[in-house]
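# Observations on the three-dimensional arrangement
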Amino acid sequence: MPKQFWLMKTEPDECSIDDFAKNPTQPIRWDGVRNFQARNFIRDMDLGDHVLIYHSSCKHIGIAGIVTVAKSAYPDPSQFDPRSPYYDAKSSDDNPRWSAVDLVFTTKFPRILSLDELKQLPALDKNPLVKKGNRLSVIPFTETEWNAILEESK
DNA sequence: GCCAACGTTGGC
DNA sequence: GCCAACGTTGGC
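About the thresholds
- The numbering scheme is per chain: residues are counted from 1 as the chain's sequence reads.
- Written order decides the labels, with chains lettered from A and ligands numbered from 1.
- Totals for whole chains, interfaces and linings use every residue, but because this is a predicted model, local features are given only for residues with pLDDT of at least 70 and side-chain atom pairs only at 80 or more, for both listing and counting.
- Hydrogens and water are ignored here; the side-chain numbers use all heavy atoms of the structure.
- When at least one non-hydrogen atom of a residue lies within 4 Å of a molecule or strand, that residue is treated as near it.
- Side-chain atoms alone can form a polar contact between residues adjacent in sequence; in general such a contact is a pair of N or O atoms within 3.5 Å, and within protein one must be able to donate a hydrogen while the other accepts it.
- Under the scheme applied, nonpolar residues are Ala, Val, Leu, Ile, Met, Phe, Trp, Tyr, Cys and Pro; charged residues are Asp, Glu, Lys and Arg; polar residues are all the others, including Gly.
- Helix and strand definitions follow DSSP, with helices as H or I runs of at least four residues and strands as E runs of at least two, each counted in order from the N terminus.
- Only protein chains enter the calculation, and the probe is 1.4 Å; a residue is then buried if its accessible area is under 20% of its type maximum, exposed if over 50%, and partly exposed in between.
- UniProt positions are given in the numbering used here, feature names are shortened, and annotations may be inferred rather than shown by experiment.
- Here the aromatic set is Phe, Tyr and Trp, taking the six-membered ring for Trp, and pairing holds for ring centres within 6.5 Å; pairs whose planes are under 30 degrees apart are stacked, those over 60 apart are edge-to-face, and all others are tilted.
- When a carboxyl oxygen of Asp or Glu lies within 4 Å of a side-chain nitrogen of Lys or Arg, that pair is called a salt bridge.

## Here's the deal with the protein's contact with DNA strand B
The local shell around DNA strand B consists of N35, F36, K90, K132, G133 and R135. The sugar and phosphate moieties of DNA strand B supply 67% of its atoms located within 4 Å of the protein. Here a phosphate oxygen of DNA strand B sits 3.3 Å away from a polar atom, N or O, in the main chain of F36. A distance of 3.4 Å separates a phosphate oxygen of DNA strand B from a polar side-chain atom of K90. Across the surface near DNA strand B, the residue classes tally to one nonpolar, two polar and three charged.

Set out below in structure tokens:
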């Protein structure tokens, strides 16, 4: 039983639920998060926690499925790679600024739960995901919020 | 492509 | 510590 629930945003061109589904036992490194609040949430993630995958900036915006934390936070290697778009010169080996987790496929919803639909769920009233202008890419979910999503996905 | 909203940076 | 400028996110 997972201890905590999360949602992570991704542009499906970069990494979609189908990228997880096509190799369902192969974890994918979730790197490139460069926002301090989101990073702090990543560091709070535990092995076995469940994560909703949200497709943003695309044609079908919404929640596409569930993945599970397969490895908890560790230093994001891309911050040390000068050729990476995620390179951060201010980061050092002994004090890495950014963290990554590994995630593994769990469930693909039969259909995307659209943003419109999510906005209509009373349980998500207070969730930053449905607030205008929200840019947080890693969001903690309460069990109530989580259950409302699972119910809606049926 | 547009643009509002936001987080970060840097000058002071 | 303030805050303007800037770059980015993300829905439309």
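Still more to cover.
## Observations concerning unusual backbone geometry
Phi is positive for S57, which is not a glycine, with a value near 50°. Mapped onto the fold, S57 is located in the loop between strand 3 (50-55) and strand 4 (62-75). Relative accessible area serves as the criterion here: at 60%, S57 is assigned to the exposed category.

## Structural notes on the UniProt feature "domain: EVE" (unreviewed entry) in chain A
The UniProt entry lists residues 4-151 under the feature "domain: EVE" (unreviewed entry), expressed in the numbering used here. Across residues 4-151, helical content stands at 19% and strand content at 33%; the span's end C-alpha atoms are separated by 18 Å.

## Considering the packing of aromatic side chains
Counted by the stated rule, this structure contains four aromatic pairs. For the ring pair W6 and F41, a centre distance of 5.9 Å and an interplane angle of 55° mean the geometry is tilted. One end of the pair, W6, is in strand 1 (residues 5-10); the other, F41, is in helix 2 (residues 36-44), and 35 residues separate them in sequence. The exposure class assigned to W6 is buried, which follows from its relative accessible area of 2%. Its relative accessible area of 18% is what places F41 among the buried residues.

## Quick look at the protein's contact with DNA strand C
Around DNA strand C, the neighbouring residues are K9, Y54, S56, S57, I61, L115, K119, N134 and R135. Taking the atoms of DNA strand C that fall within 4 Å of the protein, sugar and phosphate contribute 78% of them. Within the side chain of K119, a nitrogen or oxygen atom sits 3.3 Å from a phosphate oxygen of DNA strand C.

## Examining the pattern of salt bridges
Considering all chains together, one arrives at seven salt bridges under this definition. The closest approach of N and O atoms between K22 and D19, which form a salt bridge, is 3.2 Å. Overall, K22 belongs to the exposed group, its relative accessible area being 58%. A relative accessible area of 22% means that D19 is categorised as partly exposed. Put simply, D88 and R97 hold a salt bridge, and the shortest N to O gap is 2.8 Å.

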